[in-house]
Amino acid sequence: MALSDVLERVNPSEIRKLFDLAQGIEGIISLGIGEPDFDTPEHIKEYAKEALDNGLTHYSPNAGISELREAVAEKLKRDNGIDADPKTQIMITVGANQALLMGFATFLKDGDEVLVPSPMFVSYAPAVILAGGKPVEVPTYEENEFRLNVDELERYVTSKTRALILNSPNNPTGSVLTKKDLEEIADFAVEHDLIILSDEVYEYFVYDAKHYSIASLDGMFERTITINGFSKTFAMTGWRLGFVAAPEWIIEKMVRFQMYNATCPVTFVQYAAAKALRDERSWRAVEEMRREYDRRRQMVWKRLNEMGLPTVKPKGAFYIFPRIKDTGLTSKEFSELMIKEAKVVVVPGSAFGKAGEGYIRISYATAYEKLEEAMDRMEKVLKEKGLV
């Protein structure tokens, strides 16, 4: 099937439609976008300026500059327990999102199925479809803190299943998989001979939990594509820089894809990221962001439950996923009501798959005072309408 035909099957993001609806409304508070409200640390900007001043404005190798791949290898070994060769098992990408499609393209055949835990990040299903596969939603449940369960995976696996997506910490629910969860999922993947795409972009923003990488488990590196980036960790969303660790045969194909797509990531940005990974100031900044996200998380979780929206306390990322079923509204109706009456943007859970209906996603990557005001507005509308 031609790519133009496949694109017809991929719908525009529901989140973007919501933002269009909110445009032009005065005094709007957006709790919708998944982007740090912090600026990129100053020393990282200075590294980029230094690179520009030194003339690093030309092409880099397709896989990324060696300094960055080596720095990523050091970080993976130190923080994730993953031992990857920077020359053959690591590549740099134009953001982590790009790695999804390129990763699937290395092994998916027409009609291959990919198990996708739902609620899910909005890019997962389209990436599978664009690569010629078929996304199969596997529901996760509030009662289990939205953590993926192997019993559910067994219900959806078939002879056509080729891969499984993991996302921990999770967008949109904030759930974090335990080491035991990952060990059980690893056994499942081996039993069914699956490749795992592990999206770990929120790994440093965990609370009351610990992050584990499935590729660090015995024998799992050879069947895992670990996807990560700098957008969330160092508040570098606009810099568009990600990285992948995977077996050599996968990296070789992904580099070939990048060769004829983006050619390479931006060279001076790669230089800044390499320096940032080895600078203690970067990690102090990450911890400051994590502590502030935690402060916001505590407040928003408390307020949502108090206003009558039952909410699981998230253990990672900067999202919270309250249940709105008791209001009698669909998640889309609830979100539209909040925009029009409360002037607060929240995202309908239906944007994240079938299992997201009955919930909304709130991003607390927003100033504490704005979050308080948003909670006040939401509670006022809910009470005025008799919805709680």
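Worth saying up front: this structure is predicted, and the values here are computed from it rather than measured.

*Asks:* So, the packing of aromatic side chains: which residues are in play, and what are the values?
*Replies:* For the coordinates displayed, the defined rule picks out 17 aromatic pairs. Taking the centre distance of 5.1 Å and the plane angle of 45° together, the rings of Y293 and F318 count as tilted. With Y293 in helix α11 (residues 280-306) and F318 in the loop between α11 and β9 (319-320), the pair connects residues that are 25 residues apart, well separated along the chain. Note on accessibility: Y293 and F318 belong to one class, buried. Judged by centre distance (5.2 Å) and plane angle (10°), the rings of F321 and Y359 are stacked. In this pair, F321 sits in the loop between β9 and α12 (331-342) while Y359 sits in the loop between β11 (347-348) and β12 (360-363), placing the two residues 38 residues apart along the sequence. Just as F321 is buried, Y359 falls in that class too. Each member of the aromatic cluster is reached from another via a ring pair, and the members are F38, Y202, F205, Y293, F318 and Y319. Here the basic side chain of R295 rests over the ring of Y368, its NZ or CZ set 4.0 Å away from the ring centre.

*Asks:* Before we move on, can you summarise the packing of helix α3 (residues 42-53) against helix α10 (residues 267-277) with the specific residues and values?
*Replies:* Packing of α3 against α10 brings their axes to within 8 Å, and their N-to-C directions diverge by 135°. The angle between α3 and α10 places the two elements in the oblique class. The way α3 lies across α10 gives a crossing that is right-handed. For the pair α3 and α10, contact is made by I44, Y47, A48, E50, A51 and L52 and by F268, Y271, A272, K275 and A276, respectively.

*Asks:* I'd like a description of helix α8 (residues 179-192), backed by residues and values.
*Replies:* Counted at 1.5 Å a residue, the expected span for α8 with its 14 residues is 20 Å, and the 20 Å between its end C-alpha atoms agrees. Among all positions of α8, only D181, L182, I185, A186, F188 and A189 are buried. Down the axis of α8, the sector holding all buried residues measures 165°, keeping them to one side. More than 90 degrees from the buried face of α8, the exposed residues found are K180, D187 and E191.

*Asks:* Please provide a residue-by-residue account of the domain arrangement of the protein chain, values included.
*Replies:* Partitioning the protein chain into structural domains gives domain 1 (3-40 + 282-382) and domain 2 (58-279). Domain 1 and domain 2 are separated by 24 Å when their C-alpha centres are compared. Taken together, the contact between domain 1 and domain 2 spans 40 residues of the former and 40 residues of the latter. Looking at the side of domain 1 facing domain 2, the largest losses of area belong to W283, K315 and F352, adding up to 21% of the total buried there.

*Asks:* Run through a negative patch on the surface, naming residues and quoting values.
*Replies:* A contiguous patch of negative charge on the surface is contributed by D151, E154, E183, D187 and E191. For the negative patch, the leading source of residues is α8, giving three residues. By the secondary structure assignment, E183 is in helix α8. Since its relative accessible area comes to 37%, E183 is described here as partly exposed.

Definitions and limits used
- Residues numbered from 1 in each chain as written.
- Predicted model: local features only at pLDDT ≥ 70, side-chain atom pairs only at ≥ 80, totals over all residues.
- Heavy atoms only, no water.
- Phe/Tyr/Trp six-rings, centres within 6.5 Å; stacked < 30°, edge-to-face > 60°.
- Helix = DSSP H or I, 4+ residues; strand = E, 2+ residues; numbered from the N terminus.
- Buried < 20%, exposed > 50% of the residue type's maximum accessible area, 1.4 Å probe, protein only.
- Lys NZ or Arg CZ within 6 Å of the ring centre and 35° of its normal.
- Axes fitted to C-alpha atoms, helices over the stretch in contact; angles between N-to-C directions.
- Parallel < 35°, antiparallel > 145°, perpendicular 65-115°, else oblique.
- Left-handed = near helix turned anticlockwise from the far one by under 90°.
- Contact = heavy atoms within 4.5 Å.
- Expected span 1.5 Å × (residues − 1).
- Arc of directions from axis to C-beta.
- Domains from an automatic or database assignment.
- Buried area = accessible area lost by both parts, 1.4 Å probe.
- Patch = residues over 30% accessible without salt bridge, like charges linked within 9 Å, V, L, I, M, F, W, Y side chains within 5 Å.
- Areas by Shrake-Rupley, 256 points an atom, 1.4 Å probe, with all protein chains shown as cover.
- Salt bridge = Lys/Arg side-chain N within 4 Å of Asp/Glu carboxyl O.
- Lys, Arg positive; Asp, Glu negative; His and termini not counted.
- Charge placed at Lys NZ, Arg CZ, Asp CG, Glu CD.

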